[in-house]
Amino acid sequence: MTTRTQRSRLLAAGVVAASVSLVLTGCSSSKSDGGGAPNASATVNEVKADPKLASLVPEDVKSAGKIVVGADASYAPDEFKDDSGKIIGMDVDLANAIAAKLGLKAEVQDSGFTAIIPGIQSNKFQLGMSSFTDNKEREQIVDMVTYFNSGSAVAVKKGNPEKVDPKDLCGKKIAVQTGTTQADEIKDTRDPDCPKAGKPGIPNGGDKFDLQTDVTNAVVSGRDQAMMADSQVIDYAIKQSGGQLEKVGETYGTAPYGVALAKGSKLTPAVQGAVQSLIDDGTYKQILTKWGVEAGAISTSAVNGAVS
């Protein structure tokens, strides 16, 4: 599966104002799941380098003085662009903090979601931080350092005028981001199960978009009847939509997010140690609270800790 599970951007700030005045999207949990309101201006403690962790950084990375991080900046509140075009979000703040722990700087570059892992394999990026769900399939090709828990959720227009049942999406037009866990869920289980139950399938196997913001817009505009995304992304979209969207059903399929690195990378132990140090010193919690996604906090980071 792919989750970003994924992500124009309100534009940037997370809200698209058109005749369908709406907003961007991300994936964790809503207020009902324990997340607070995001506050992008909130301050986070300065992160100082940890000499022991910095000593684990490979010489070529150390000499460059930076780690290049790939992120699909259309997935608020995890990674998206503000009104000035700057990439911000939970993953961006965590990437900066990880780099600082290692005595480095993070250079976050916008990339198509499905191009990030190939970019890691070709050494264009040292890290991928783009709401990647850590799963066994991904662990075959990259290392994953866990740092967050997220599930999947379904959202519809306020009042659920199409009477969408999140447990039975057969025959419904469902918007989803290409390459995400949710796109795989439709392809692998949701759509194939419909004819088995004597029901019509999901049209086109889901209405797929490259950007999560376009997924959100498809529901707000009425093009599609529902959208599937990571839970915190759904929650953020709802908060930003001005009452135009609502979540139906509960968050399900919770799994860890992972920082993606080249398979067997010598940088992997350093990144895992940095994540754990940020958890232990409280910086991690500050960052998650800043973006209203503290419900997805973990207490222990692992290398290749996929649950399925």
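Analysis parameters
- Residues numbered from 1 in each chain as written.
- Predicted model: local features only at pLDDT ≥ 70, side-chain atom pairs only at ≥ 80, totals over all residues.
- Heavy atoms only, no water.
- pLDDT = per-residue confidence, 0-100.
- Contact = heavy atoms within 4.5 Å.
- Salt bridge = Lys/Arg side-chain N within 4 Å of Asp/Glu carboxyl O.
- Helix = DSSP H or I, 4+ residues; strand = E, 2+ residues; numbered from the N terminus.
- Buried < 20%, exposed > 50% of the residue type's maximum accessible area, 1.4 Å probe, protein only.
- Axes fitted to C-alpha atoms, helices over the stretch in contact; angles between N-to-C directions.
- Parallel < 35°, antiparallel > 145°, perpendicular 65-115°, else oblique.
- Left-handed = near helix turned anticlockwise from the far one by under 90°.
- Nonpolar A, V, L, I, M, F, W, Y, C, P; charged D, E, K, R; others polar.
- Phe/Tyr/Trp six-rings, centres within 6.5 Å; stacked < 30°, edge-to-face > 60°.
- Core = buried A, V, L, I, M, F, W, Y, C linked by side-chain atoms within 4.5 Å.

Q: Please explain the confidence of the model for the chain as it appears in this structure.
A: Regions with low pLDDT carry predicted coordinates that are not meant to be interpreted in detail. A residue-level look at the chain finds 88% of positions with pLDDT of 70 or above and a mean pLDDT of 88. Counted against residues more than four places away or in other chains, residues 5-34, with its pLDDT under 50, gives 161 contacts.

Q: What am I meant to see in the pattern of salt bridges here?
A: Between side chains of opposite charge, a pair can form when the charged atoms approach closely. Counted by the stated rule, this structure contains 12 salt bridges. With a closest N to O distance of 3.7 Å, Lys-62 and Glu-59 form a salt bridge. Linking Lys-62 with Glu-59, this pair stays in helix H2 (residues 59-64), spanning 3 residues, or about one helical turn. You can call Lys-62 partly exposed: its relative accessible area is 34%. Look at Glu-59 and you get exposed, because its relative accessible area is 57%. The shortest N-O distance in the salt bridge between Lys-81 and Asp-110 comes to 3.2 Å. With Lys-81 in strand S4 (residues 79-81) and Asp-110 in strand S6 (residues 105-110), this residue pair connects regions lying 29 residues apart in the sequence. You can call Lys-81 partly exposed: its relative accessible area is 25%. Take Asp-110: its relative accessible area is 35%, and that puts it in the partly exposed class.

Q: Got a minute to help me understand the packing of helix H3 (residues 90-101) against helix H10 (residues 283-290) in this structure?
A: A pair of packed helices can be characterised by two numbers: the angle between their axes and the separation between those axes. Packing of H3 against H10 brings their axes to within 9 Å, and their N-to-C directions diverge by 160°. Relative to H10, H3 is oriented roughly antiparallel. By crossing handedness, the relation of H3 to H10 is classed as right-handed. Where H3 abuts H10, its residues Met-90, Asp-93, Leu-94 and Ala-97 lie against Tyr-284, Ile-287, Leu-288 and Lys-290. Per-class residue counts for the contact of H3 with H10 are 6 nonpolar, no polar and 2 charged.

Q: What's the story with the packing of aromatic side chains in this structure? I'm lost.
A: What characterises a pair of aromatic rings is the spacing of the ring centres plus the angle enclosed by the ring planes. Inspection of the entire model under this criterion finds 5 aromatic pairs. A ring pair is formed by Phe-80 and Trp-291, whose centres lie 5.8 Å apart and whose planes are at 85°; its orientation type is edge-to-face. One end of the pair, Phe-80, is in strand S4; the other, Trp-291, is in the segment after H10, with 211 residues separating them in the sequence. Measuring from ring centre to ring centre gives 6.0 Å for Tyr-147 and Tyr-257, while their planes differ by 50°; the resulting arrangement is tilted. A residue pair is termed long-range when its members are at least 10 positions apart, and Tyr-147 in strand S8 (residues 142-157) and Tyr-257 in strand S12 (residues 245-262) qualify at 110 residues.

Q: Would you take a moment to explain the nonpolar core for this structure?
A: Looking at soluble globular proteins, one finds that nonpolar side chains tend to be buried together. If you look at the biggest cluster of nonpolar residues, it comprises 55 residues, and the most contacted ones within it are Met-90, Leu-102 and Val-271. Ranked by the residues each element gives to this core, the list is headed by H3, at 7 residues. When sequence neighbours within four positions are dropped, the list of residues in contact with Met-90 reads Pro-77, Asp-78, Tyr-147, Phe-148, Tyr-257, Ile-287, Leu-288, Trp-291 and Val-293. Core analysis: the second largest hydrophobic core is formed by 12 residues, Val-176, Ala-226, Met-228 and Val-248 among them.

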